[in-house]
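Chain and residue survey
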Amino acid sequence: GAVVSQHPSRVICKSGTSVKIECRSLDFQATTMFWYRQFPKQSLMLMATSNEGSKATYEQGVEKDKFLINHASLTLSTLTVTSAHPEDSSFYICSALEGWQGREKLFFGSGTQLSVL
Amino acid sequence: KNQVEQSPQSLIILEGKNCTLQCNYTVSPFSNLRWYKQDTGRGPVSLTIMTFSENTKSNGRYTATLDADTKQSSLHITASQLSDSASYICVVSASYNTDKLIFGTGTRLQVFP
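Residues numbered from 1 in each chain as written. Chains lettered and ligands numbered in written order. Predicted model: local features only at pLDDT ≥ 70, side-chain atom pairs only at ≥ 80, totals over all residues. Heavy atoms only, no water.

1. Looking at the interface of chain A and chain B
How big an interface is tends to be reported as the loss of accessible area on association of its parts. Tallying the contact residues gives 19 residues for chain A and 25 residues for chain B. Here chain A and chain B share an interface that buries about 1,700 Å² over both sides, 52% of which is from carbon and sulfur atoms. If you look at where chain A meets chain B, you find zero salt bridges. Going through the elements one at a time, β4 (32–38), β9 (90–98) and β10 (105–108) of chain A are the ones with two or more residues in the side of chain A that touches chain B. Class assignment of the residues belonging to the side of chain A that touches chain B gives a composition of eight nonpolar, six polar and five charged. (Contact = heavy atoms within 4.5 Å. Buried area = accessible area lost by both parts, 1.4 Å probe. Salt bridge = Lys/Arg side-chain N within 4 Å of Asp/Glu carboxyl O. Helix = DSSP H or I, 4+ residues; strand = E, 2+ residues; numbered from the N terminus. Nonpolar A, V, L, I, M, F, W, Y, C, P; charged D, E, K, R; others polar.)

Okay, here's the thing in structure tokens:
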């Protein structure tokens, strides 16, 4: 079945550094990928929708200069947390759509736990 | 406003028992509804996906129902196992040029021996 690979699974960084998270669709082409943030015991919060070859669409309240998204190919999207601060510590998850409208399957990566010291 | 509400927020049951999770939505135009299971610290895993013409879908011990008229869905878990302990998320797609996904807040299920 379709698989979405996300890495790293865990990253610890110092405050002020930038962190890049990769999301790859391994055996299908994903024209649309999504990035989410999740706090403990809460549901996923959509951050942005990423379409291949175009600028990402950010949800209200999400700083696009803080969370840089690049979707350069049909199988790869990246999220870069720039100048990370402790409040950016969270669980970040990506997902990718496969299939045609109305029957798309949505596959999630395994998530990245970011800890900013 | 497009919304997806799940209930209960949390649920504790004993191993072997059945349970039903609810999802009510106000999403238009409706495209499809998905149920996901998310273990702590992991990404969600798909259980079922239903379009408006489907009113039930099974995946092993998981059975999802959909009533497009009342805009309600349920996820029934039969003969629960300890490994069913997880968060269950209902996701509804609104059919625009590109589907917009609206996430429910999830139901946290704990199965005790």
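There is more to say after this.
2. Looking at the confidence of the model for chain B
Detailed conclusions should not be drawn from predicted coordinates in areas where pLDDT is low. Overall, the prediction assigns chain B a mean pLDDT of 92, with 96% of residues at 70 or greater. Ranking the helices and strands of chain B by mean pLDDT puts strand β8 (residues 72–77) of chain B first, with 98, and strand β10 (residues 100–103) of chain B last, with 82. (pLDDT = per-residue confidence, 0-100.)

3. Details of the sheet that holds strand β3 (residues 19–25) of chain A
All names here are of chain A. With antiparallel pairing, the four strands of this open sheet are ordered in space as β1-β3-β8-β7. Every other strand in the sheet has two partners, leaving β1 (4–7) and β7 (67–73) as the edge strands with one partner each. Neighbour-to-neighbour, the strand axes of this sheet turn through a mean angle of 15°, independent of strand direction. (Pairing = 2+ DSSP bridges. Axes fitted to C-alpha atoms, helices over the stretch in contact; angles between N-to-C directions.)

4. What to know about the pairing of strand β7 (residues 62–67) of chain B
All names here are of chain B. Covered by surrounding structure in β7 are Y62, A64 and L66 only, the residues T63, T65 and D67 on the alternate face being uncovered. Across four bridges, the pairing between strand β6 (residues 56–59) and β7 is antiparallel. By the bridge assignment, T56 is partnered in β7 with T65. Direction of pairing for β7 relative to β8: antiparallel, over a ladder of six bridges. The residue bridging L66 from the neighbouring strand is S73, located in β8. Joining the antiparallel neighbours β7 and β8 is a turn of four residues, in which K71 adopts a positive phi near 60°. (Buried < 20%, exposed > 50% of the residue type's maximum accessible area, 1.4 Å probe, protein only.)

5. Describing the pattern of salt bridges
Under the criterion given, the structure shown has four salt bridges over all chains. A salt bridge links R24(A) to E22(A); the shortest N-O distance between them is 3.4 Å. Under the relative-accessibility criterion, R24(A) is labelled partly exposed at 33%. With its nearest N and O atoms 2.8 Å apart, the salt bridge here joins R61(B) to D84(B). Linking R61(B) in the loop between β6 and β7 with D84(B) in the loop between β8 and β9 (86–94), this pair joins segments that are 23 residues apart in sequence. Taking the relative accessible area as the measure of exposure, R61(B) reaches 23% and is therefore partly exposed. The buried category is assigned to D84(B), whose relative accessible area is 1%.

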